[in-house]
Amino acid sequence: MFRYRLSDAAQRDVLDILAWTQEQFGEAARLRYEALIVAALRDVASQPDRPGSLERPELGTGVRSWHLRLSREHAKPALGIVRRPRHFLVYRLEPGLLVIGRILHDAMELARHLEGDSPWV
C-alpha cells in the first residue's frame, strides 16, 4: 500500500463535503459519506491503477480519477451504504507517495479545478 497525502485543496474538499452532507442529511449520512471517502482513499492507495480508475492525461502526467461509488462495498457496512455518491478522487502517484489533488463533485468541470502538471500542495 502506498502512503498517501491529501493536498490542501483536497482537505478543504473533504471538510466542505462532510459539512454539506451533515447540513442536508444529518449526522448518520455524514458518517456514511466519511467512511466512504476513507474506503476510497484506501482503495486507491492499495492499487492506484486498479480497474475502474481512469487515466486523465488532460489533467496532467500520471493523473487518474476514482469515483466513490466504486468503493461503496468497502466502506463500513454497519453504517449503511451511500446509495448515490456523487464525488470522485483526482490523484497521481509521485515517488513513493500517492497525492490526492482534489475530491470533486461529478458534475464539476475538471479543468477549472486543477492545474495540470503543477505540483499539488
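Residues numbered from 1 in each chain as written. Predicted model: local features only at pLDDT ≥ 70, side-chain atom pairs only at ≥ 80, totals over all residues. Heavy atoms only, no water.

A. Representation of the sheet that holds strand E3 (residues 63-67). An order of E1-E5-E4-E3-E2 is seen for the five strands of this open sheet, with the pairing classed as mixed. Among the strands making up the open sheet, the edge pair consists of strand E1 (3-6) and strand E2 (54-55). In this structure, E1 lies alongside strand E5 (residues 97-105), joined through four bridges in parallel fashion. The partner of Tyr4 across the bridge, within E5, is Leu98. In the packing of helix H1 (residues 8-25) onto the sheet, the strands contacted are E1, strand E4 (87-94) and E5, and the crossing angle to E5 comes to about 40°. (Pairing = 2+ DSSP bridges. Helix = DSSP H or I, 4+ residues; strand = E, 2+ residues; numbered from the N terminus. Contact = heavy atoms within 4.5 Å. Axes fitted to C-alpha atoms, helices over the stretch in contact; angles between N-to-C directions.)

B. Summary view of the packing of aromatic side chains. Throughout the structure, instances matching the rule amount to one aromatic pair. For the ring pair Trp20 and Phe25, a centre distance of 5.6 Å and an interplane angle of 75° mean the geometry is edge-to-face. A relative accessible area of 48% places Trp20 in the partly exposed class. With relative accessibility at 55%, the residue Phe25 sits in the exposed group. (Phe/Tyr/Trp six-rings, centres within 6.5 Å; stacked < 30°, edge-to-face > 60°. Buried < 20%, exposed > 50% of the residue type's maximum accessible area, 1.4 Å probe, protein only.)

C. Structural view of the pattern of salt bridges. Under the definition given, this model contains seven salt bridges. Among the salt bridges present, the one from Arg64 reaches Glu55, with a minimum N-O distance of 3.8 Å. Relative accessible area serves as the criterion here: at 61%, Glu55 is assigned to the exposed category. Residue Glu94 is joined to Arg92 by a salt bridge in which the shortest nitrogen-to-oxygen separation is 3.5 Å. What you see here is one network of salt bridges that share partners, running through Glu27, Arg30 and Glu34. (Salt bridge = Lys/Arg side-chain N within 4 Å of Asp/Glu carboxyl O.)

D. Region of interest: the packing of H1 against helix H2 (residues 27-46). Here H1 crosses H2 at 150°, and the two axes come no closer than 7 Å. The pairing of H1 with H2 is recorded here as roughly antiparallel in orientation. In the packing of H1 onto H2, the handedness of the crossing is right-handed. Contact with H1, carried on its side by Val14, Ile17, Leu18, Thr21, Gln22 and Phe25, involves Glu27, Ala29, Arg30, Tyr33, Glu34 and Ile37 of H2 and no other residues of that element. Residues belonging to the contact of H1 with H2 are distributed by class as follows: seven nonpolar, two polar and three charged. (Parallel < 35°, antiparallel > 145°, perpendicular 65-115°, else oblique. Left-handed = near helix turned anticlockwise from the far one by under 90°. Nonpolar A, V, L, I, M, F, W, Y, C, P; charged D, E, K, R; others polar.)

E. Expanded view of the environment of Ala28. Tracing the backbone through its elements, the reader meets Ala28 in helix H2. As for Ala28 and Leu79, which are separated by 51 residues in sequence, their C-alpha atoms are 7.6 Å apart.

F. Looking closely at the side chain of Asp43. With respect to the helices, strands and loops of the structure, Asp43 is situated in helix H2. Here Asp43 sits buried without a salt bridge, and the closest side chain of opposite charge, Arg50, lies 4.3 Å off (N-O distance). A distance of 2.6 Å separates polar atoms of two side chains, one belonging to Asp43 and the other to Ser71. Ignoring any residue separated from it by four or fewer positions in sequence, one finds Asp43 in contact with Arg50, Trp66, Leu70, Ser71 and His74. (Lys, Arg positive; Asp, Glu negative; His and termini not counted. Polar contact = N/O pair within 3.5 Å; in protein donor to acceptor, adjacent residues only side chain to side chain.)

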